[in-house]
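Here's the letter readout for the chains.
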Amino acid sequence: MGELTFKGIKVEEIDLTNKLEGQVQLDISQRASFNVKYTQDNLHCAANLTIDMMDKNAPMDFNFKFSATAFLDCQEGMDKKEIHKKAYDEIYPHVRALITTIMVNAGLPPIIIPKVKMDESNIKLSGEKGSENNQFYS
């Protein structure tokens with residue numbers, strides 16, 4: 001088991017549409033995607049978490065997309081599946097806090113995204129062909 005060192009986070013996209021009028025009860029559907037890209041030497045990675053939410057009954061009146069990337073240093077020899085799980089555990093609380101803050105500041109209820117348990121069998125690693133030195137790849 002190795003450790004990751006959190007170096008920072010960058011919000012890449014915030015897109016909010018809120019055309020709801022008055023008091024309404026939201027029935028939110030949520031999709032999330034998460035991927036990790038590595039430098040060629042596998043000592044650094046960028047973990048991206050994207051969240052899409054919309055009201056099931058009025059998706060054009062309420063929808064929200066948020067994407068952020070965390071930058072991390074990896075210990076030499078770490079397993080990529082282990083990195084994937086630890087990177088998710090590292091970025092999730094930051095993204096959750098940012099989304100909650102955005103919602104409250106936009107006059108919406110404090111929507112709190114649920115944490116999804118990272119199942120190792122669902123982690124897919126892609127090949128490393130075509131990467132350049134110090135460029136991130138999946």
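Fair warning: this is a prediction, and the values are worked out from it, not measured in the lab. (Residues numbered from 1 in each chain as written. Predicted model: local features only at pLDDT ≥ 70, side-chain atom pairs only at ≥ 80, totals over all residues. Heavy atoms only, no water.)

A. Layout of the overall build of the protein chain. Of regular secondary structure, the protein chain possesses one helix and four strands. In sequence order, the protein chain lays out its α and β elements as β-β-β-β-α. Per-residue burial for the protein chain yields a buried fraction of 35% across its 138 residues. In the protein chain, 71% of the contacts between residues at least 6 apart in sequence involve partners at least 24 apart. A total accessible area of about 8400 Å² is found for the protein chain, and carbon and sulfur atoms account for 47% of it. (Helix = DSSP H or I, 4+ residues; strand = E, 2+ residues; numbered from the N terminus. Buried < 20%, exposed > 50% of the residue type's maximum accessible area, 1.4 Å probe, protein only. Contact = heavy atoms within 4.5 Å. Areas by Shrake-Rupley, 256 points an atom, 1.4 Å probe, with all protein chains shown as cover.)

B. Inspection of the environment of proline 110 at higher detail. Structurally, the position occupied by proline 110 is in the segment after α1 (80–105). Along the backbone, proline 110 and alanine 97 are 13 residues apart, and their C-alpha atoms lie at a distance of 9.9 Å.

C. Layout of the packing of aromatic side chains. Under the counting rule described, the total for this entry stands at three aromatic pairs. Residues phenylalanine 34 and tyrosine 88 carry aromatic rings whose centres are separated by 5.3 Å and whose planes lie at 75 degrees to one another, so their mutual orientation is edge-to-face. With phenylalanine 34 in strand β2 (residues 28–38) and tyrosine 88 in helix α1, this pair connects stretches of sequence that are 54 residues apart. The class for phenylalanine 34 is buried, based on a relative accessible area of 17%. (Phe/Tyr/Trp six-rings, centres within 6.5 Å; stacked < 30°, edge-to-face > 60°.)

D. Region of the structure containing unusual backbone geometry. If you check the backbone angles, asparagine 42 has positive phi at about 60 degrees while not being a glycine. Along the polypeptide, asparagine 42 turns up in the loop between β2 and β3 (44–55).

E. Geometry of the sheet that holds strand β4 (residues 62–74). Ordered by their spatial adjacency, four strands build an open sheet running β1-β4-β3-β2, and the pairing between neighbours is antiparallel. At either end of the open sheet lies a strand with only one pairing partner, and these are β1 (4–18) and β2. Neighbouring strand axes in the sheet, compared pairwise and without regard to direction, differ in orientation by 10 degrees on average. Examined bridge by bridge, β1 and β4 share 13 bridges and lie antiparallel to one another. Counted as the bridge partner of glutamate 13 is serine 67 from β4. Sheet strands in contact with α1 are β1, β2, β3 and β4, and its direction is about 135 degrees off that of β4. (Pairing = 2+ DSSP bridges. Axes fitted to C-alpha atoms, helices over the stretch in contact; angles between N-to-C directions.)

F. View of the state of the cysteines. Counted by the stated rule, this structure contains zero disulfides. Here cysteine 45 stays unpaired: no disulfide links it, and the sulfur of cysteine 74, its closest cysteine neighbor, is 3.7 Å away. Owing to a relative accessible area of 1%, cysteine 45 belongs among the buried residues under this scheme. Among the residues examined, cysteine 74 registers a relative accessible area of 8% and is labelled buried. (Disulfide = S-S within 2.5 Å.)

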